[in-house]
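So the chains spell out like this:
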Amino acid sequence: MPTEQPARRGRFITLEGIDGAGKSTHLTFIRDWLASRGVDAVFTREPGGTPLGEDIRKLLLAVDSQVSLNAEALLAFAARQQHIDGVIAPALAAGRYLVSDRFTDSTYAFQGGGRGIPFERIRVLEDWVQQGLQPDLTLLFDLPLDVAAQRMSCTRTLDRFEQEAADFHQRVREAYLARAAAEPHRFAMLDSSRGIAEIQADIAIHLQNLLERG
Ligand SMILES: Nc1ncnc2c1ncn2[C@@H]1O[C@H](COP(=O)(O)OP(=O)(O)OP(=O)(O)O)[C@@H](O)[C@H]1O
Ligand SMILES: [Mg+2]
C-alpha cells in the first residue's frame, strides 16, 4: 500500500518596497523558481486579490478619490480581510505556497510612515483582521527614491500614491526599514539598486532556505 505523504505546510511569502522597487519584476522569477521545484503556489496582490478587493484597489489608487486618512487604512484592511478569508487562508490550509505582492507591511509603510497614522492604531486592525496570521518570509526590495522614480518614469502613469511628494516616499522607505530591523527573522532585505540577476540570486537563496525549513 502506498504511504500517504503528509501535506506539506503552506508558506506565506510577501513582497514589499516603495513604488518602483521591483516587486512585479521579481514575481515572475519567483513563480518560475517555485514551479521548477514542483511547489504549488498561488500568486496574488494587495490591495486586491479578490473581486471586492480589486474594487477597493481602484478606489484607493484613483487620483480623484476623496479618501480620508482613517478611511484609507480601513479600506486597505477591508480588502485584506476579504483576501485572507477568500484566498490566503484557504491556500495555506491546503498546504500551498501563497505569494502576495504587498501585504500589511505596506499599510504600516504607506498609511503609517507616509501618512502618519500611529503604528499602534494599525496594529489594532492587524490583530483584528489577521488573528495572528503573519508572512513566513517578507522580501523587502530597498533602493533610493531617485533610482525608483527614474525606473518608473518611463513606464507608467502615476497612481494616487505614486504622485505623492518625495518626502512621503522617504517616510515610506524608512518605515519599511524600521519594520525590517524590528523583525529580522521574517524580513529578507534586498538591495534593489543592483542588477536584476544579482537580486534574483539572493531571492533564490531566501526561497531555498524557506523550502528547507520544511
Ligand atoms: N534591478 C533592476 N534594474 C533595473 N531596472 C529595474 C530593476 N528592477 C526593476 N526594474 C524596472 O523598474 C521598473 C519598476 O519595477 P516594478 O514595476 O517591478 O516595481 P514595483 O515594485 O512592482 O512597483 P509598484 O509598487 O509601483 O508596482 C520597471 O520598469 C522594471 O522593469
Ligand atoms: Mg508592481
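The coordinates are above.
Throughout this document, residue positions are counted from 1 along each chain, in the order its sequence is written. Written order decides the labels, with chains lettered from A and ligands numbered from 1. Per-residue local features of the predicted model are confined to residues with pLDDT of at least 70, and side-chain atom pairs are confined, for both listing and counting, to 80 or more; whole-chain, interface and lining totals are unaffected and use all residues. Excluding hydrogens and water, the side-chain values take into account all heavy atoms of the structure.

## What about the packing of aromatic side chains?
Inference 1: Note on aromatic contacts: the rings of Phe and Tyr and the six-membered ring of Trp form a pair at centre separations within 6.5 Å, being stacked when their planes are under 30 degrees apart, edge-to-face when over 60 apart, and tilted otherwise. Scanning the model with the defined rule gives 5 aromatic pairs in all.
Inference 2: Residues Tyr-108 and Phe-119 carry aromatic rings whose centres are separated by 5.9 Å and whose planes lie at 55° to one another, so their mutual orientation is tilted. Within this pair, whereas Tyr-108 is found in helix H4 (residues 104–114), its partner Phe-119 is found in helix H5 (residues 119–130), the two being separated by 11 residues in sequence.
Inference 3: Its relative accessible area of 0% is what places Tyr-108 among the buried residues.
Inference 4: According to the relative accessible area criterion, Phe-119 is partly exposed, its value standing at 35%.
Inference 5: By the ring-pair criterion, three or more aromatic residues cluster together here, those being Phe-110, Phe-161, Phe-168 and Tyr-176.
Inference 6: The ring of Phe-77 has Arg-80 sitting right over it, with the charged end atom 4.7 Å from the ring centre.
Inference 7: The ring of Tyr-108 has Arg-179 lying over it, and the distance from NZ or CZ to the ring centre is 3.6 Å. Labels follow the DSSP assignment, with helices taken as runs of H or I lasting at least four residues and strands as runs of E lasting at least two, numbered in each case from the N terminus. For the exposure calls, accessible area comes from a 1.4 Å probe over protein chains only, and a residue counts as buried if that area is under 20% of its type's maximum, exposed if over 50%, partly exposed in between. Placement of a positive charge over a ring is assigned whenever Lys NZ or Arg CZ falls within 6 Å of the ring centre and within 35 degrees of the normal to the ring plane.

## Quick notes on the pattern of salt bridges
Inference 1: Every case where a carboxyl oxygen of Asp or Glu lies within 4 Å of a side-chain nitrogen of Lys or Arg is listed as a salt bridge. Tallied over the entire structure, the rule returns 18 salt bridges.
Inference 2: We note a salt bridge from Arg-45 to Glu-54, for which the minimum N-O separation is 2.7 Å.
Inference 3: The class of Glu-54 is partly exposed, set by a relative accessible area of 22%.
Inference 4: With its nearest N and O atoms 3.6 Å apart, the salt bridge here joins Arg-123 to Glu-126. Of this pair, Arg-123 and Glu-126 both sit in helix H5, 3 residues apart, which is roughly one turn of the helix.
Inference 5: Ionic contacts of the salt-bridge type, sharing partners, join the residues Glu-72, Arg-115, Arg-160 and Glu-164 into one network.

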